[in-house]
Amino acid sequence: MLEQVWVIPLVPAISFFLILFVGKHLPRKGAEIGVVAVGASLVLSLVTAAQWIHRTNEARDAVDGGGHAAGFLGAVLAGAEYAVVEPVVRTVTWWQSGGEVIEAGTLLDGLSAMMIVVVTLVSFLVHLYSVSYMEGDRRFTHFFAALSLFTASMLLLVLSNNLLQLLVGWELVGLCSFMLIGHWWEEKPNSDAALKAFLTTRTGDIGLLVGIAVIFFGAGRTFDILEINQAALGGGVSDLVLLVAASCLLLGVIGKSGQFPLHTWLPDAMAGPTPVSALIHAATMVVAGVFLVARLYPVFWEGFDIAAGGLNPMALVGGITVVIAAVLAFVQNDIKKVLAYSTISQLGYMVMGLGVGAWVAAVFHLFTHAFFKALLFLGSGSVSHAVHSFDMKSDMGGLREHMPHTYRTFLIGSLALAGIFPLAGFWSKDEILLGAGANGYEAFMVVGLIGGALTAAYMTRCVYLTFFGEYRGHGHPHESPALITGPLWVLAGLAVVAGFLNAVPFGIHLFTDWVEPTFAFPPVAHPEFSVPLAVVATLLALAGIGAGAGYYFRNLGPHGLTERNVWARRGHTLLWNRYYLDHLYTGVIVGSIKGPVARAANWVNQRVIDGVVNAAGVGSRQAGQWVYDKIDQRVVDGIVNGSATGAGETGGFLRRMQTGRVQNYGALLFGATAVLGLTLVILI
Amino acid sequence: MDGFDSWALTLAVFLPLAGAAVLLLVPRRDETSIKTVALLTTAATFAVGVWILVNFDYGATDELQFVVDRSWIEVINSRYIVGIDGISLPLLVLSMFVSMLCVIYSWNHFPEPHNPKAFLALLLILETGMNGTFVAQDLILFFVFFEVVLLPMYFMIGVWGGPNRQYAAIKFFLFTLFGSALMILGFLALFFLGGQTFSIVELQDTAQGIARNTQLLIFAGLFMGFAIKVPMFPFHTWLPDAHTEAPTVGSVILAAILLKLGTYGFVRIAIPILPEAAVEWAPWIGLLAVIGIIYGALGCLAQRDMKRLIAFSSIAHMGYVMLGIATLTDFGLNAAVFGMVAHGLITGMLFFVAGSVKDRLHTLELSRLGGLLVQAPRMGWILGFCAMASLGLPGLAGFWGEFPAILAAYNPADGLPEEVFRAYMVVAAIGTVFAAGYLLWMLQRAAFGTPKDEFADQAVPDVNGPEWIAWSPLLVLILVLGVYPHLLFRVTDGAVGVALRALGG
Amino acid sequence: MLLNQFLILAAVLFCIGVYGVLARRNGVLVLMSIELILNAVIINLIAFGAMLGGESAVVASVFALFVIAVAAAEVGVGLAIVLMLYRNRQSIDVSDVDLMRG
């Protein structure tokens, strides 16, 4: 199976075409094809992952001398650092240039095995959920087709063995995101959001395109990820090239993974259907950027000199994002927007984690976050299914009693997100902070702690506004059907247990063993678990919850501060306007390009360049006119006119001879010829 | 060489002309026969093309194949030399293919003043010119075919065009003629200084003896001829007018094939014969190319007419092709040839859709359009597909013309200023965002939303039979080439190597 | 040598022809007269060819055949014109055809 992983993206790709062409004629409008296909992919992914785990265990046993029982735990506890598990690569010719063959293929290692499981699992649950959630939608079939295409593209992305193929997957998931955000394109705000998402990520892709070109030549004309990683670590590539490449690629990551300052598209992307937000804008597509960094870690490691500690661009971007997005989550009234900013903030954790050298922790956070954030989004969808709105302030409240399943799962997700022991978020977030501290990035550890407290507080606000207090909406909300709550419970279970895969203090580091590459990978540190740090983090999270609970549940603290204090009001306004970044992008940059700049270019085109052309045309015509008037008519014609007058009179005479009868002409012709003939005879 | 081998190319070129002659004999009123004759002719020509595709030796794409060499005009030592290699083959087949699809599309889409007989005859003559240009291996022969294309197109725009057709047609004609005049001067200079021959293959050796400064001048002459046809900034202004006024089929052929005559000229003639001059001029060509990319995109954003917008997008896309050519590397040239084919398919398709929209709604004013997806969902999706392909989405054909060109600009041929080209690369990469911007913006305004009030009650027929037949092969090709670009790259790669041989590349 | 006799015959035929072309109003007769003129020319050609002998005789014959062929075509076209004339004007009087009057 490890060699045949190309089947996994192929199944949903075929499903896409099937749904597109025959979906409408099926009893369930094509949903069944999508569910079955993604389910098949899920099974295949699990088999692949199991085989990969088996492979790593075998490799470790071999290093241990293979003597003792190759038990599961035995391999885990063995000296993992020394076993090199080579990734499984399989390629075919894709195209060639200058005789160089460029190959497409699959690269299977721990990272991609983990990703395919996450993608297919979340996608499968979202498919099930959507069958019920999207029922009766105007474009039900298209929705499932797009979901299939997305799943295929995402799998293609994570299985790529080369950057070019990765780029293909990268853009295709962007396309699916565009299609699904704009799913209800009849309303302009939705298509605006879709355009914004696509264009913003495309802006980041400038960096990706340039970065791939730089690294292609830097690493000796190759797109192959393993070769690039080896070249980056081998010291054969100059530092400058690596720095430029890493910076350019980081721009792509910023665009795709919603990092500051290109994060503004992600909250708008909530215009799409909720299952889409869960799948694409929380669990999978937005982590593509994080995945890219994890995949090309040696390039970033060497390029940004991550081992040196202190400060580097990637950690900085991540750190800023963690805080500014978390703060923004406080002023949102739309439940999905709270979750969107939360996603941005959590993606910031991942990028920061990678930036501080905590590779395993960041990837582990990607893994756990996929489950609990998908859970939260699907939960919010379940709520909106009941109250037909996303506005927490005006249409929700008190749903705890009406929707017990949704409430409980949402609460589990929130606690996991807030990082409460022993839920998934606790383990992964704690490891990121640990790594930051151990690798010499103490400042970012503090940032992470603050972010944790903020996260806990805004999630408390969100839970309070949604599930507590009095119901403020219309009608009577009911719990959603089993097809919706089922996936919620599955994800809730995962949000509880997923963290134990890498519960370091208990001596479990399965995730590290399975996922961390041992081949062409920089020497990242594995810091020891620190009890004080874990305690501090948990206390801060609890403090956040406490503060939130105190403020909302008990009505403590300075309410109405924004009305009284001018600075608080200004701060609120700044947040309300999302730091004015949207004004800058949409109003100033895009507005000026679409408006004045484009008009100026068009003006230049029509007036200047075309003006020259037309002027040349008009000029030559005028020159012709002048020649005609002055020379032709006066001089030449002067002579001509004289003769013309004479000719005119002659013509008047000749005109009378024009009888129109052919015979007259013939007679004249004959006469003339005869006369000429006679003349000739006489003269000669 | 036996039998059909030596006749294939000649047949490919002159079969349409013969078809046009037959067409003249058919009575004007018998429209069905006229259409049938035209369709059969183009189909037969395309069959020859398929035969060539099948019998082409893919192991030797770097050599001229199916060569015919006969004496033609002995006085000036111009010979009838035709042959194709890996660069010509895709373009030749594309030309035959698109011509056939155009005839199919025309089946029930004749613009005013109707007259299918004249229209189709012009189309067939046009095909002869285009096919001839792609197979000619003699400069005079090339020139003749290059010019043959001009007149039918002139009449097509001037007779069947929009309200401003006279101006557009004359502008197109004069612009191109102006370029041709300089180009023929270049050809003559090559003839007299380069050993009294017009053979492109021979000139690749004999022209190396020409003094360097003279080479630069000759290249400039050829550049003007080709650059106007491409068209490159700032010689592009004929294009939007011609496209806007031309009938749909005219626009399609103009975009799909005619523009490629210019870029093909660079790859086939200018660079192999005058490599040193090419190195000297390449930074300037690159500069004009990237200006064209950004400028075309800005122009697009300012347009209010869908067809004019697509026309401006051609300028941007041909900018990528020219950037690829200017790098003088195998990546760049491969990208350029791929870009030519991809642009032919995609932009041709976009013009088809625009034409059909105009047929139904009688306007292409973007502010009046909207909700195409509601009224004619299939056509709306096709428009979306083409827009995506056009903005260079990986997995569709457009990407392979764009990305390798950007890649090549990072590392241009020896002797070219690396820093300058890297700056071009960044600008070109920024251009991809603009491309996404204007195409999606167009898509949003034309296809998304709901129909405007004036069209709300109007029934808009979805894609009909001839449209499906004409479009689906294009759509499939866009997808197939995008997923598996090796189909095209393996054909062009060898020939590109030959074109660059003189550079030591 | 019989040359003179032939030339005289040809001259007579020619004159009749010229008279017919110039004086008759019937279109068909005009055409016949043109035939006469052409035949006169042919007779001249053959006569001169026979007189000169050798290669010239062959050349003359070729010329003669050529003229005959052209004459046939000319009659064809001419009769078509006359026919059209009749259709349009119900008359074959050539004096009615004066569209070329200045």
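Definitions and limits used
Residues numbered from 1 in each chain as written. Chains lettered and ligands numbered in written order. Predicted model: local features only at pLDDT ≥ 70, side-chain atom pairs only at ≥ 80, totals over all residues. Heavy atoms only, no water. Helix = DSSP H or I, 4+ residues; strand = E, 2+ residues; numbered from the N terminus. Rg over C-alpha atoms; globule rule 2.2 N^0.38 Å. Buried < 20%, exposed > 50% of the residue type's maximum accessible area, 1.4 Å probe, protein only. Contact = heavy atoms within 4.5 Å. Areas by Shrake-Rupley, 256 points an atom, 1.4 Å probe, with all protein chains shown as cover. Lys, Arg positive; Asp, Glu negative; His and termini not counted. Charge placed at Lys NZ, Arg CZ, Asp CG, Glu CD. Patch = residues over 30% accessible without salt bridge, like charges linked within 9 Å, V, L, I, M, F, W, Y side chains within 5 Å. Salt bridge = Lys/Arg side-chain N within 4 Å of Asp/Glu carboxyl O. Pairing = 2+ DSSP bridges. Expected span 1.5 Å × (residues − 1). Buried area = accessible area lost by both parts, 1.4 Å probe. Polar contact = N/O pair within 3.5 Å; in protein donor to acceptor, adjacent residues only side chain to side chain. Nonpolar A, V, L, I, M, F, W, Y, C, P; charged D, E, K, R; others polar. pLDDT = per-residue confidence, 0-100. Axes fitted to C-alpha atoms, helices over the stretch in contact; angles between N-to-C directions. Parallel < 35°, antiparallel > 145°, perpendicular 65-115°, else oblique. Left-handed = near helix turned anticlockwise from the far one by under 90°. Phe/Tyr/Trp six-rings, centres within 6.5 Å; stacked < 30°, edge-to-face > 60°. Lys NZ or Arg CZ within 6 Å of the ring centre and 35° of its normal.

Scanning chain C from terminus to terminus reveals three helices and zero strands. Taking 13 Å as the expected radius of gyration for a compact globule of 102 residues, we find that chain C reaches 17 Å, considerably beyond that expectation. The buried share among the 102 residues of chain C stands at 25%. Within chain C, counting contacts between residues at least 6 apart in sequence, those at least 24 apart form 56% of the total. As presented, chain C carries roughly 6700 Å² of accessible surface, and 73% of it is formed by carbon and sulfur atoms. Within chain C, one finds 5 positive and 6 negative side-chain charges whose respective centroids are separated by 13 Å.

Moving on: the overall build of chain A. Along its length, chain A carries 28 helices and two strands. Its C-alpha atoms give chain A a radius of gyration of 36 Å, more than 25% over the compact-globule value 26 Å for 684 residues. The principal-axis extents of the C-alpha atoms in chain A amount to approximately 135 × 70 × 55 Å. Here chain A holds 684 residues, and 56% of them are scored as buried. Summarising the internal contacts of chain A: among those between residues at least 6 apart in sequence, 78% fall at separations of at least 24. With 37 positive and 42 negative side-chain charges, chain A shows a separation of 16 Å between the mean positions of the two kinds.

Time to look at a nonpolar patch on the surface. Among the surface-exposed residues, A:Trp6, A:Leu10, A:Ile14, A:Phe17, A:Leu18, A:Leu20, A:Phe21 and A:Val22 lie close enough to one another that they form a single nonpolar patch of about 730 Å² accessible area. Structurally, the position occupied by A:Leu10 is in helix α1 (residues 7-22).

Here the focus is the pairing of strand β2 (residues 100-108) of chain A. By the bridge criterion, nine bridges tie strand β1 (residues 88-97) of chain A to β2(A) in an arrangement that is antiparallel. Paired with A:Val92 across the two strands is A:Ala104, which belongs to β2(A).

To continue, consider the pattern of salt bridges. In the structure shown here, the tally under the stated rule is 18 salt bridges over all chains. With its nearest N and O atoms 3.0 Å apart, the salt bridge here joins A:Arg139 to A:Glu186. Of this pair, A:Arg139 sits in the loop between α4 (110-133) and α5 (140-159) while A:Glu186 sits in the loop between α6 (163-181) and α7 (188-218), placing them 47 residues apart in sequence. On the accessibility criterion, A:Arg139 (12% relative accessible area) is buried. For B:Arg360, the salt bridge identified is with B:Glu467, shortest N-O distance 3.0 Å.

Attention shifts here to helix α19 (residues 404-418) of chain A. Note on helix geometry: an α-helix contains 3.6 residues per turn, so any two residues three or four positions apart are oriented the same way. Compared with an ideal rise of 1.5 Å per residue, which puts 15 residues at 21 Å, α19(A) spans 21 Å between its outermost C-alpha atoms and is within 8% of the ideal. Those residues of α19(A) that sit buried are A:Thr406, A:Tyr407, A:Thr409, A:Phe410, A:Gly413, A:Ser414, A:Ala416, A:Leu417 and A:Ala418.

Attention now moves to the arrangement of the chains. Here the protein chains form two pairs of chains in contact, of which the pair with the most contacts is chains A and B. What separates chain B from chain C at the closest point of their C-alpha atoms is a distance of 20 Å, and the two make no contact.

For A:Trp94, the position within the fold is in strand β1. Overall, A:Trp94 belongs to the buried group, its relative accessible area being 7%. Not counting residues up to four positions away in its chain, the partners in contact with A:Trp94 are A:Ile102, A:Glu103, A:Ala104, A:Asn162, A:Leu164, A:Gln165, A:Val168, B:Trp400, B:Val483, B:Tyr484, B:Pro485 and B:His486.

At the junction of the two partners, chain A supplies 51 residues and chain B supplies 60 residues. Taking both sides of the interface into account, the surface hidden between chain A and chain B amounts to around 4900 Å²; carbon and sulfur atoms contribute 73%. It is A:Trp95, A:Trp185 and A:Arg202 that lose the most area in chain A upon contact with chain B, and together they represent 14% of the buried surface on that side. If you look at where chain A meets chain B, you find zero salt bridges. Applying the counting rule to chain A against chain B returns twelve residue pairs in polar contact (both at pLDDT 80 or more). Those elements that place two or more of their residues in the side of chain A that touches chain B are β1, α6, α7 and α27 (581-657) of chain A. With 16 residues, the single largest contributor to the side of chain A that touches chain B is α7(A). Class assignment of the residues belonging to the side of chain A that touches chain B gives a composition of 30 nonpolar, twelve polar and nine charged.

Moving on to the environment of B:Gln444. With respect to the helices, strands and loops of the structure, B:Gln444 is situated in helix α18 (residues 418-446). In the structure, B:Gln444 is positioned 78 residues away from B:Leu366 in sequence and 9.8 Å away in space, judged by C-alpha atoms. Filtering out sequence-adjacent residues up to four positions away, B:Gln444 remains in contact with A:Lys188, A:Ser191, A:Asp192 and A:Leu195. Within polar-contact distance, the side chain of B:Gln444 engages the side chain of A:Ser191 at 3.0 Å.

The subject of this paragraph is the confidence of the model for chain C. Averaged over chain C, the pLDDT score is 87; the fraction of residues at 70 or greater is 96%. Interface confidence in the predicted complex, given as ipTM, is 0.88; pTM for the same model is 0.81.

What follows concerns the pairing of strand β1 (residues 65-73) of chain B. Remember that side chains alternate between the two faces of the sheet whenever the strand is regular. Residues and elements named next belong to chain B. Bridge count for β1 against strand β2 (residues 78-84) is six bridges, and the pairing is antiparallel. Counted as the bridge partner of Ile 73 is Ser 78 from β2. Turn length for the β1-β2 hairpin, with the two strands adjacent in sequence and antiparallel, is four residues, and the turn residue Asn 77 shows positive phi of about 55°.

So, on to the packing of α7(A) against helix α17 (residues 397-410) of chain B. Running from N to C, α7(A) and α17(B) point in directions that differ by 55°, and their axes come no closer than 9 Å. Between α7(A) and α17(B), the angle falls in the class oblique. Regarding α7(A) and α17(B), the two cross each other, and that crossing is right-handed. Along its contact with α7(A), which presents A:Leu209, A:Ile212, A:Ala213, A:Val214, A:Phe216 and A:Phe217, the element α17(B) presents B:Phe403, B:Ile406, B:Leu407 and B:Tyr410. Considering only residue class, the contact of α7(A) with α17(B) consists of ten nonpolar, no polar and no charged.

Turning to the side chain of B:Lys307, a few remarks are in order. All names here are of chain B. Following the sequence through the fold, Lys 307 ends up in helix α13 (residues 306-327). Among buried charged residues, Lys 307 stands out as having no salt bridge; its nearest opposite-charge side chain is Asp 305, 7.4 Å away. Excluding its chain neighbours within four sequence positions, the residues that come into contact with Lys 307 are His 243, Thr 244, Ala 246, Pro 247, Thr 248, Ser 251, Phe 351, Ala 354 and Leu 364.

What follows is about the packing of helix α10 (residues 238-245) of chain B against α13(B). Residues and elements named next belong to chain B. Between α10 and α13, whose axes approach to 8 Å, the crossing angle comes to 140°. Classified by chirality, the crossing of α13 by α10 is right-handed. On the side of α10, the interface is formed by Leu 239, Pro 240, Asp 241, His 243 and Thr 244, while α13 contributes Lys 307, Arg 308, Ala 311, Phe 312, Ser 314 and Ile 315. Split by residue class, the contact of α10 with α13 holds five nonpolar, three polar and three charged.

Let's shift gears to the packing of aromatic side chains. Aromatic ring pairs are reported here in terms of the distance separating the ring centres and the angle at which the planes meet. A complete count under the given rule lists 60 aromatic pairs over all chains for this structure. Consider the rings of A:Phe367 and A:Phe511, whose centres lie 5.2 Å apart with planes at 40°: the pair is tilted. Of the two residues, A:Phe367 is situated in helix α16 (residues 359-387) and A:Phe511 in helix α23 (residues 510-515); the sequence distance between them amounts to 144 residues. Grouping residues by exposure puts A:Phe367 and A:Phe511 together as buried. Taken together, the ring pairs connect A:Trp94, A:Trp95, A:Phe216, A:Phe217, A:Phe223, B:Phe331, B:Phe338, B:Phe399, B:Trp400, B:Phe403, B:Tyr410 and B:Phe489 into an aromatic cluster. A cation over a ring is seen here: B:Arg490 above B:Tyr58, with NZ or CZ 5.0 Å from the ring centre.

Attention shifts here to the environment of B:Arg308. As for its position among the elements, B:Arg308 is in helix α13. With 66 residues separating them along the chain, B:Arg308 and B:Ala242 place their C-alpha atoms 9.3 Å apart. Look past the residues within four positions of B:Arg308 in its chain and what remains in contact with it is A:Gln606, B:Pro240, B:Asp241, B:Thr244 and B:Gln303.

A few words on the side chain of B:Ser180. On the secondary structure map, B:Ser180 appears in helix α7 (residues 165-193). If near-sequence neighbours (up to four positions away) are discounted, B:Ser180 is found in contact with B:Phe143, B:Phe146 and B:Glu147.

Turning our attention to unusual backbone geometry. Of note, the amide linkage connecting B:Val230 to B:Pro231 takes the cis form, showing an omega dihedral of -10°. Tracing the chain through its elements places B:Pro231 in the loop between α9 (212-229) and α10. Between B:Phe233 and the following residue, B:Pro234, the backbone shows a cis peptide bond with an omega angle of -5°. Within the fold, B:Pro234 resides in the loop between α9 and α10. Even without a glycine there, the phi angle at B:Asn77 is positive, about 55°. Following the sequence through the fold, B:Asn77 ends up in the loop between β1 and β2. Look at C:Gln90: it is not a glycine, yet its phi comes out positive at around 55°. Mapped onto the elements of the fold, C:Gln90 is located in the segment after α3 (55-89).

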